[in-house]
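# Residue-level structure breakdown
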Amino acid sequence: MTALSFAIEEHPAPLAANARAEKLVSPGFGRVFTDHMVSIRYTEGEGWHDAKVTARVPLMLDPATAVLHYAQEIFEGLKAYRTPEGGAALFRPEMNARRFADSATRLAMAPLPEELFLESCRRLVSIDRDWIPESEGGSLYLRPFMIASEAFLGVKPSSEYLYLCIASSVGAYFKGGPTSVTLWISDEFTRSAPGGTGAAKCGGNYAASLQAQAEAIREGCDQVVFLDAVERRWIEELGGMNTFFVFDDGTLQTPPLGGTILPGVTRDSLLTLAADQGMTVREEPYAIDQWEADARSGRLREAFACGTAAVVTPIGRVRGRDRDFTIGNGGPGLLTEQLRTQLTDIQRCTAPDPHGWVERVF
Ligand SMILES: *Cc1c(COP(=O)(O)O)cnc(C)c1O
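Being a predicted model, the structure only gives us computed values, none of them experimental.

### Topic: the site of the ligand
Among the 15 residues in the neighbourhood of the ligand, the closest are listed as K201, Y206, E237, T266 and T308. Take E237: an N or O atom from its side chain is 2.5 Å from a nitrogen atom of the ligand. V265 places a main-chain nitrogen or oxygen 2.8 Å from an oxygen atom of the ligand. About the coverage of the ligand: the protein hides 97% of its 390 Å² of free accessible area. Of the residues in the shell around the ligand, the class split is 4 nonpolar, 7 polar and 4 charged.

Below, the structure is given as structure tokens:
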């Protein structure tokens, strides 16, 4: 099954080097795409087949394609970094492969064998290696995803799936170092409920978060922080980032996964790095009232959000319908900065990798 071979159909007319260089000067996030993509098909009875690396082209879909109606879709996000020797490295891609299979199971989709997921990432990074930005903070963001591709309007798991992996050259998330963000506490909307899809990386979760995110922007904030759906009391996470809290006794806390929080690779890596250096780390619920009280008393020193795209984002201020408090002095905290540097140094292969997290592609 995992011995499926990939057909390679190189792009007949890849973008010229000078035009590519121009795009890589200031690529931003998710706007600049590479020449190629990977696709693999699944059909009930036949299994996974037709794996290929081809030019990145628009899709032709029947208007009755299931994903367009019932949102049976999942995705992943991981980065390839340039190594100091000019090679490329992926960071813990096997975690993304496993999570992708778990998301598929939750959405009643056919799980892609993890080795196929990994091989698709390696193939794409290799063929589009010239698209990995050389600039400081730049990387190649990989977006593996899968859609229900059967043309049928009945409500049932699709009998066909299309897996694709595309890549986007991205710049440093924060130009000139991270600045802290202001979060908006949504008291009307929730992201995830017990028994729901909060722990799966599916497009539907994001669609459902957009109205809350729009409200945050309208209120002059940067991002939403969601509370639990049952008590509307416990801090869960942002629309696409996990949350961490740093206390004056040097301990670190993050909400426990428990099925309603997305198990972030960055979250897991930071927990490990903090424990490595002797910090006490807790995966325990944290209440919004406690957050405000601790921020006001100074017991809470720092807070940050984390995920692959921005790595670590300091939280400077928190606002809601009847709340407004500042974390520390409102700027990036010391430990936040330290953890971010430690993690990015491992990802970019400029620091030792004691846990074997980095996979060199070439
Ligand atoms: C992807 C994602 C994260 C971060 O996960 P990483 O593996 O660290 O990138 C956190 N929360 C949500 C809801 C996500 O979709």
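### Some words on the nonpolar core
Grouped together as the largest cluster of nonpolar side chains are 49 residues, with contacts concentrated most on I40, W48, F117, V125 and L142. The greatest single-element share of this core, amounting to 7 residues, is contributed by strand 9 (residues 160-170). Those residues in contact with I40, other than ones at most four positions away along the chain, are L4, F6, W48, H49, D50, A51, L112, L116, Y161, L162 and Y163. Among the nonpolar cores identified, the runner-up in size contains 24 residues, and M95, M279, F304 and L339 belong to it.

### Description of the side chain of R20
Note that R20 resides in helix 1 (residues 17-25). Residue R20 is classed as buried on the basis of its relative accessible area, which comes to 15%. A distance of 3.4 Å separates a polar atom in the side chain of R20 from the backbone oxygen of D130. If we skip the residues at most four places from it in the chain, R20 touches L15, D130 and W131.

### Some thoughts on the domain arrangement of the chain
Domain assignment breaks the chain into domain 1 (7-170) and domain 2 (181-347). With centres defined by C-alpha atoms, the gap from domain 1 to domain 2 works out at 28 Å. Taken together, the contact between domain 1 and domain 2 spans 18 residues of the former and 20 residues of the latter. Both sides together, the interface formed by domain 1 and domain 2 hides about 1,600 Å², and carbon and sulfur atoms give 61% of it. If you look at where domain 1 meets domain 2, you find 1 salt bridge. As a salt-bridge pair, R92 and D268 come within 2.9 Å of each other at their nearest N and O atoms. Inspection of the region where domain 1 meets domain 2 yields 11 residue pairs in polar contact (both at pLDDT 80 or more).

### Quick word on unusual backbone geometry
Its identity as a non-glycine residue notwithstanding, D50 has a phi of 60°, on the positive side. Relative to the helices and strands, D50 is located in strand 4 (residues 47-55). Located in the positive-phi region is A108, a residue other than glycine, with phi close to 55°. On the secondary structure map, A108 appears in the loop between helix 3 (93-106) and helix 4 (114-127).

### Section: the pairing of strand 16 (residues 300-307)
The element strand 16 is extensively covered by neighbouring structure, given that 7 of its 8 residues are classed as buried. Where strand 16 lies against strand 17 (residues 311-320), 4 bridges are found, and the strand directions are antiparallel. Bridge pairing links F304 to P314 in strand 17.

### A few points about the pattern of salt bridges
Going through the model one piece at a time under the given rule, you end up with 25 salt bridges. The partner of R296 in a salt bridge is E292, with the nearest N and O atoms 2.7 Å apart. Of the two residues, R296 and E292 are both situated in helix 7 (residues 288-297); the distance of 4 residues between them amounts to about one turn of the helix. R340 serves as the salt-bridge partner of E337, at 3.3 Å between the closest nitrogen and oxygen. Note that E337 and R340 are positioned in helix 8 (residues 334-347) at a spacing of 3 residues, about one turn of the helix. Linked by salt bridges that have partners in common, E115, E119, R122, R123 and E359 make up one network.

### Comments concerning empty space enclosed by the protein
Inspection of every chain in the model, using the stated rule, returns 2 cavities of 30 Å³ or more. Forming the walls of the largest cavity are G77, L78, K79, Y81, F91, N96, V265, T266, T308 and Q347. Where the lining of the largest cavity is concerned, the elements lending two or more residues are strand 6 (78-82) and helix 6 (265-276). Sort the elements by how many residues they give to the lining of the largest cavity and strand 6 lands first, with 3 residues. Along the lines of polarity and charge, the residues of the lining of the largest cavity split into 4 nonpolar, 5 polar and 1 charged.

### Structural notes on the pairing of strand 8 (residues 139-148)
Among the 10 residues in strand 8, 9 count as buried, and that is most of the element. Of the strand pairs in this sheet, strand 5 (residues 73-75) and strand 8 are connected by 3 bridges, and their pairing is antiparallel. The partner of E73 across the bridge, within strand 8, is I147. By the bridge criterion, 3 bridges tie strand 6 to strand 8 in an arrangement that is antiparallel. Within the sheet, the bridge partner assigned to K79 lies in strand 8 and is Y141. Sheet topology note: the strand 8/strand 9 ladder contains 10 bridges and is antiparallel. Residue pairing across strands places S139 opposite V170, the latter belonging to strand 9.

What counts, and where the lines are drawn
Residues numbered from 1 in each chain as written. Predicted model: local features only at pLDDT ≥ 70, side-chain atom pairs only at ≥ 80, totals over all residues. Heavy atoms only, no water. Near = heavy atom within 4 Å. Polar contact = N/O pair within 3.5 Å; in protein donor to acceptor, adjacent residues only side chain to side chain. Areas by Shrake-Rupley, 256 points an atom, 1.4 Å probe, with all protein chains shown as cover. Nonpolar A, V, L, I, M, F, W, Y, C, P; charged D, E, K, R; others polar. Core = buried A, V, L, I, M, F, W, Y, C linked by side-chain atoms within 4.5 Å. Buried < 20%, exposed > 50% of the residue type's maximum accessible area, 1.4 Å probe, protein only. Helix = DSSP H or I, 4+ residues; strand = E, 2+ residues; numbered from the N terminus. Contact = heavy atoms within 4.5 Å. Domains from an automatic or database assignment. Buried area = accessible area lost by both parts, 1.4 Å probe. Salt bridge = Lys/Arg side-chain N within 4 Å of Asp/Glu carboxyl O. Pairing = 2+ DSSP bridges. 1 Å grid on protein atoms, 1.4 Å probe; cavity = no way out; pocket = protein on both sides within 12 Å on 5 of 7 lines; lining within 4 Å. Points joined across faces, edges and corners; volume = space filled by probe spheres on them.

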